[in-house]
Amino acid sequence: MNPVWRWFHQLGSPPYFYRFATRWMPWFGISALLLTVIGMYLGFVEAPADYLQGDSFRIMYIHVPAAWMSMFIYGVMALNGAIALIWRIKLSELLFLSCAPIGAMFTAITLITGMFWGKPTWGAYWVWDARLTSELVLLFLYFGVIGLASAYDDLRQGARAAAVLALVGVVNVPIIHFSVKWWNTLHQGETVRIMGKSSIDSSMLWPLLIMALATKLYFVFALLLRTRSALAEQERGKQWVREAMVEAA
Amino acid sequence: MTALRPYQALLARDLRLAFRRRADLLLPLGFAVLVVLLFGIALGGTPERLAPVSAPVIWVTVLLAGFLSLDGLFRPDVDDGTLDQWLAGPTSIVGLMYAKALAHWLLYGVGLTLSTPLLAMLLNLPVDLLPVMLAALAIGTLGATQIGIIAAALTARLRRSGILLALIVMPLYLPLLIFGSGAVDAVRLGESPKGALLLLAAQTVLLLTLAPPAAAAALRIGSDNPP
């Protein structure tokens with residue numbers, strides 16, 4: 001078997017994943033912290049003020065990476081949900097469940113920072129704009145997943161039911177987004193593009209990209225941390241968990 | 001068509017059960033009138049203030065009233081073991097979901113749509129908006145029922161589902177509400193409602209295609225099959 005595939009299959013085994021998470025978690029955590037400090041410094045101190053929005057544009061360095069993560073994590077969550085439903089891999093169920101609170105947190109950060117940015121720029125904390133509304137709906141989709149999963153007594157049943165809901169959400173998110181867009185839009189267009197030229201100066205762009213990377217690393221860190229704990233709890237009767245606990249103590 | 005017999009039987013059973021308890025059948029209508037009453041009082045009751053908001057208020061009222069009946073969609077079948085019989089039997093669960101959704105729509109979607117003229121009268125809805133309102137509601141409630149059966153199936157085996165059901169259903173209602181309300185708005189502004197109605201219908205068709213299989217999958221999860 002191809003070594004990459006073998007590693008992937010091994011990762012599905014709870015003891016292997018537990019060891020993997022224990023080993024790599026600190027690295028992700030530390031690098032996320034370092035990059036956040038660097039990104040924050042560059043964004044909040046070094047980057048020049050915007051000619052139109054002044055200093056208030058600096059909220060972007062938290063708002064935009066959080067918004068990217070809110071959607072990215074939903075994708076990761078739904079993917080794990082699909083794997084959990086199709087192949088019934090226990091680890092995917094836990095990864096799926098661990099994604100939801102992290103994603104909800106990023107969505108909440110996006111909404112809150114967006115409100116603080118909206119007040120000086122648009123003159124109101126909240127406007128019924130396409131992106132704001134879709135983001136709010138996304139938050140409720142996360143809440144629905146968390147609420148449904150925790151309403152079941154059986155963890156695995158709850159995870160699978162919530163996974164169905166997450167997949168329903170995947171189909172609906174684009175519909176919701178475009179229907180709200182058709183309905184009303186005030187939000188500024190995308191300024192950062194992967195293809196072609198971004199309409200943002202590089203001195204302002206770099207801190208943003210660093211923050212984007214930092215949030216990604218933080219997500220991996222938080223995901224490993226949560227999944228590792230959930231795994232140890234679910235498998236608490238097993239020999240390998242006892243050994244790992246003895247080792248940790 | 002013997003192949004359709006189990007589904008016809010389920011549809012007939014759901015309708016018959018509903019008509020045996022006529023009081024329950026009228027509850028959503030009573031609820032809708034009460035919500036309209038609250039809005040009427042809160043808005044001061046003057047036609048000038050009521051008329052512009054009447055269409056959105058009717059939409060929200062109908063969606064809320066239909067939502068209230070979702071909790072009882074699968075619960076009796078779970079409690080008396082009918083659901084486990086379905087899951088053990090050879091009949092297609094997806095087909096049963098279609099029958100279930102059709103029964104729910106005929107009872108609540110069509111019922112609430114037919115009672116809309118009453119709500120419209122209470123809220124001073126301009127008469128020329130009524131036909132498009134009825135058309136949009138008839139299509140939109142069919143879509144809303146599809147969202148409803150997924151949510152009801154996901155929460156069927158839980159002891160309590162009230163607020164959770166709302167949390168699941170309401171965000172998904174949003175696109176239906178936008179185009180349903182948009183169609184009425186278009187007529188109010190003197191434009192053609194065709195675009196909004198077609199998009200509403202397109203969504204409903206998509207929901208009709210995807211929701212019953214999703215609901216069937218959701219019902220299977222809670223059954224005690226080996227994980």
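Description of the structure in this document. A quick note: this is a predicted structure, and the numbers were derived from the prediction, not measured. (Residues numbered from 1 in each chain as written. Chains lettered and ligands numbered in written order. Predicted model: local features only at pLDDT ≥ 70, side-chain atom pairs only at ≥ 80, totals over all residues. Heavy atoms only, no water.)

The helix and strand tally for chain B stands at 10 helices and zero strands. Secondary structure elements in chain B, listed N-terminal to C-terminal, are α-α-α-α-α-α-α-α-α-α. For chain B, the C-alpha radius of gyration of 18 Å lies close to 17 Å, the compact-globule estimate for 227 residues. Dimensions along the principal axes, computed over C-alpha positions, put chain B at roughly 60 × 35 × 35 Å. Considering only residue pairs separated by 6 or more positions, chain B has 82% of its internal contacts joining residues 24 or more positions apart. About 10,500 Å² of surface is accessible on chain B, with carbon and sulfur atoms providing 69% of the total. For chain B, the centre of its 15 positive side-chain charges and the centre of its 12 negative side-chain charges are spaced 5 Å apart. (Helix = DSSP H or I, 4+ residues; strand = E, 2+ residues; numbered from the N terminus. Rg over C-alpha atoms; globule rule 2.2 N^0.38 Å. Contact = heavy atoms within 4.5 Å. Areas by Shrake-Rupley, 256 points an atom, 1.4 Å probe, with all protein chains shown as cover. Lys, Arg positive; Asp, Glu negative; His and termini not counted. Charge placed at Lys NZ, Arg CZ, Asp CG, Glu CD.)

All names here are of chain B. When you line up the elements, arginine 75 lands in helix H4 (residues 75-79). The spatial distance from the C-alpha of arginine 75 to the C-alpha of threonine 155 is 8.9 Å, given a sequence separation of 80 residues. With near-sequence residues (within four places) excluded, arginine 75 lies in contact with Thr155, Ala156, Leu158, Arg159 and Ser161.

With that settled, consider the interface of chain B and chain A. Often, the extent of an interface is quoted as the loss of accessible area upon association of its parts. Every contact between the two is made by 26 residues of chain B and, on the other side, 28 residues of chain A. Summing both sides of the interface, chain B and chain A together bury roughly 2,400 Å²; the carbon and sulfur share of this comes to 78%. Broken down residue by residue, the surface that chain B buries against chain A is led by B:Leu154, B:Leu172 and B:Ile221, which jointly contribute 24%. There are one salt bridge connecting chain B and chain A. A salt bridge links B:Arg159 to A:Asp153; the shortest N-O distance between them is 2.7 Å. Of all the elements in the fold, those that place two or more residues in the side of chain B that touches chain A are helix H8 (130-155), helix H9 (162-188) and helix H10 (194-222) of chain B. Here the element with the most residues in the side of chain B that touches chain A is H9(B); it accounts for nine residues. When grouped by side-chain class, the residues that make up the side of chain B that touches chain A number 19 nonpolar, five polar and two charged. (Buried area = accessible area lost by both parts, 1.4 Å probe. Salt bridge = Lys/Arg side-chain N within 4 Å of Asp/Glu carboxyl O. Nonpolar A, V, L, I, M, F, W, Y, C, P; charged D, E, K, R; others polar.)

Moving on: the nonpolar core. Ranked by internal contacts, the top residues of the largest apolar core, which has 121 residues, are A:Met77, A:Leu148, B:Phe74, B:Met97 and B:Tyr173. Among residues more than four places away in sequence, those in contact with B:Tyr173 are B:Leu63, B:Phe67, B:Leu70, B:Ala144 and B:Ile147. The next biggest cluster of nonpolar side chains, apart from the first, holds 11 residues, and it includes A:Tyr61, A:Trp117, A:Ile200 and A:Leu208. (Core = buried A, V, L, I, M, F, W, Y, C linked by side-chain atoms within 4.5 Å. Buried < 20%, exposed > 50% of the residue type's maximum accessible area, 1.4 Å probe, protein only.)

This brings us to H10(B). Because an α-helix packs 3.6 residues into every turn, residues spaced three or four apart end up facing the same way. Under the 1.5 Å per step criterion, the end-to-end length of H10(B) is 42 Å for 29 residues, consistent within 8% with the ideal 42 Å. If you look at H10(B), its biggest bend is around 30 degrees, right at B:Leu210, and the proline B:Pro212 turns up within four residues after that. (Expected span 1.5 Å × (residues − 1). Bend = angle between axes of the 7 residues up to and from the residue.)

Read these as geometric descriptors, not functional statements.
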